[in-house]
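Letter by letter, the chains look like this.
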Amino acid sequence: MSYFRITLRRSAIGLPSRTRAVLAALGLHKRSQTVYHPVEAQFAGMIMKVKELVQVAEVDKKLTKWEVRAERRPDSGFYLETAVPRMEDKGQKTGGRVLARLRGEGETKVVEGVRRENGGEVRI
């Protein structure tokens, strides 16, 4: 048996009471809420009344609440676990007190910088 997978995409705020009643009859109360109904003429008619507000797909089986959540969760490979320090302006890293530049290639790096103390500048 196949089912309609109906997801509410637009809010019903400000719409006529008949339209809100159709959404309530479908069991849709919150945005991004998903419900499943069998493929029957009565549900197809209700979907046609609110077709601008919902997204519909025909599926073979109902998914549980947890399966729907797992389906929405993005792949873990798209997110960085730790923040990477950023270098700005060709190697200059600007902070509140220190302006430093890294020069050199390969494994050896030389740090040049200026630190401000007591109104004067001290070369590092």
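Details of the structure are given in the entry above.
Each chain has its residues counted from 1, running along the sequence as written. pLDDT decides what is reported in this predicted model: residues at 70 or higher carry local features, side-chain atom pairs at 80 or more are listed and counted, and totals for whole chains, interfaces and linings draw on all residues regardless. Each side-chain value is worked out from all heavy atoms of the structure, with water and hydrogens disregarded.

**What about the nonpolar core?**
Where we set the bar: Throughout, nonpolar core names a set of buried Ala, Val, Leu, Ile, Met, Phe, Trp, Tyr and Cys residues whose side chains join them through atoms within 4.5 Å. The buried label applies to any residue whose accessible area, calculated with a 1.4 Å probe on protein chains only, is under 20% of its type's maximum; exposed applies above 50%, and partly exposed to all values in between. Per the convention used, a helix needs a DSSP run of H or I reaching at least four residues, while a strand needs a run of E reaching at least two, with both numbered from the N terminus.
Counting 15 residues, the largest nonpolar core has I6, L23, L26, L28, V50 and V54 as the members making the most contacts within it. Going through the elements one at a time, β1 (3–8), α1 (17–26) and α2 (41–49) are the ones with two or more residues in this core.

**Side note on unusual backbone geometry**
Even without being a glycine, S32 presents a positive backbone phi close to 65 degrees. Overall, S32 belongs to the partly exposed group, its relative accessible area being 34%.

**Brief notes about the pattern of salt bridges**
Selection rule: The rule for a salt bridge is simple: a side-chain nitrogen of Lys or Arg has to be within 4 Å of a carboxyl oxygen of Asp or Glu.
Taken as a whole and judged by the stated rule, the model has two salt bridges. Where E71 meets R5, a salt bridge forms, and the shortest distance between an N and an O atom there is 2.6 Å. Here R5 lies in strand β1 and E71 lies in helix α3 (residues 65–72), a separation of 66 residues in the sequence. Between K51 and E52 there is a salt bridge, and its shortest N-O distance comes to 3.7 Å. The class for K51 is partly exposed, based on a relative accessible area of 46%. Judged by relative accessible area, which is 56%, E52 ranks as exposed.

**Examining the layout of surface pockets**
Selection rule: A cavity here means a set of points on a 1 Å grid, drawn over the protein atoms and nothing else, where a 1.4 Å probe fits but cannot get out; a pocket is an open set with protein on both sides within 12 Å along at least five of seven lines, and a residue lines either one if it has an atom within 4 Å of a point. Grid points are joined across faces, edges and corners, and a volume is the space filled by probe spheres set on the points. Residues are grouped as follows: Ala, Val, Leu, Ile, Met, Phe, Trp, Tyr, Cys and Pro are nonpolar; Asp, Glu, Lys and Arg are charged; all remaining types, including Gly, are polar.
By volume, the largest pocket amounts to about 160 Å³. Along the walls of the largest pocket sit S32, Q33, T34, Y36, L63, K65, V68, R69 and R72, which together make up its complete lining. Per-element accounting of the lining of the largest pocket gives the leading share, four residues, to α3. Its residues assigned to classes, the lining of the largest pocket comprises three nonpolar, three polar and three charged.

**Let's talk about the packing of α1 against α2**
Rule in force here: Between N-to-C directions, angles span 0 to 180 degrees; the directions come from axes that are lines fitted to C-alpha atoms, helices contributing only their stretch in contact. To sort the angles, those under 35 degrees are grouped as roughly parallel, those over 145 as roughly antiparallel, those from 65 to 115 as roughly perpendicular, and the leftovers as oblique. By definition, any crossing whose near helix is turned counterclockwise from its far helix by less than a right angle is left-handed, and any crossing with a clockwise turn is right-handed. In this description, contact between two residues means that some pair of their heavy atoms is separated by no more than 4.5 Å.
Running from amino to carboxyl end, α1 crosses α2 at an angle of 140 degrees, the nearest separation of the two axes being 10 Å. Overall, the two elements α1 and α2 adopt an arrangement that is oblique. As for how α1 packs across α2, the hand of that crossing is left-handed. Together, V22, A25 and L26 of α1 and F43, M46 and K49 of α2 make up the contact between the two elements.

**Concerning the sheet that holds β1**
How we decide: The rule for pairing is simple: two strands pair if DSSP sees at least two bridges between them.
With respect to topology, three strands assemble into an open sheet ordered β2-β1-β3, the strand pairing being antiparallel. Here the strands that pair on one side only, and so sit at the sheet edges, are β2 (34–38) and β3 (54–59). Recorded for the sheet is a direction-independent mean angle of 25 degrees between the axes of neighbouring strands. Seen against the sheet, α2 touches β1, β2 and β3 and runs at an angle of roughly 25 degrees to β1.

**Observations regarding α1**
Quick reminder of the rule: When we speak of the arc, we mean the arc of directions from the helix axis to the C-beta atoms.
Taken as a whole, α1 has its buried residues at V22, L23 and L26. Down the axis of α1, the smallest arc covering the buried residues is 95 degrees, so these residues share one side. On its buried side, α1 packs onto β1, β2, α2 and β3. At the C-terminal side of α1, G27 shows a positive phi close to 90 degrees.

Everything listed is a geometric property; what it means functionally is a separate question.
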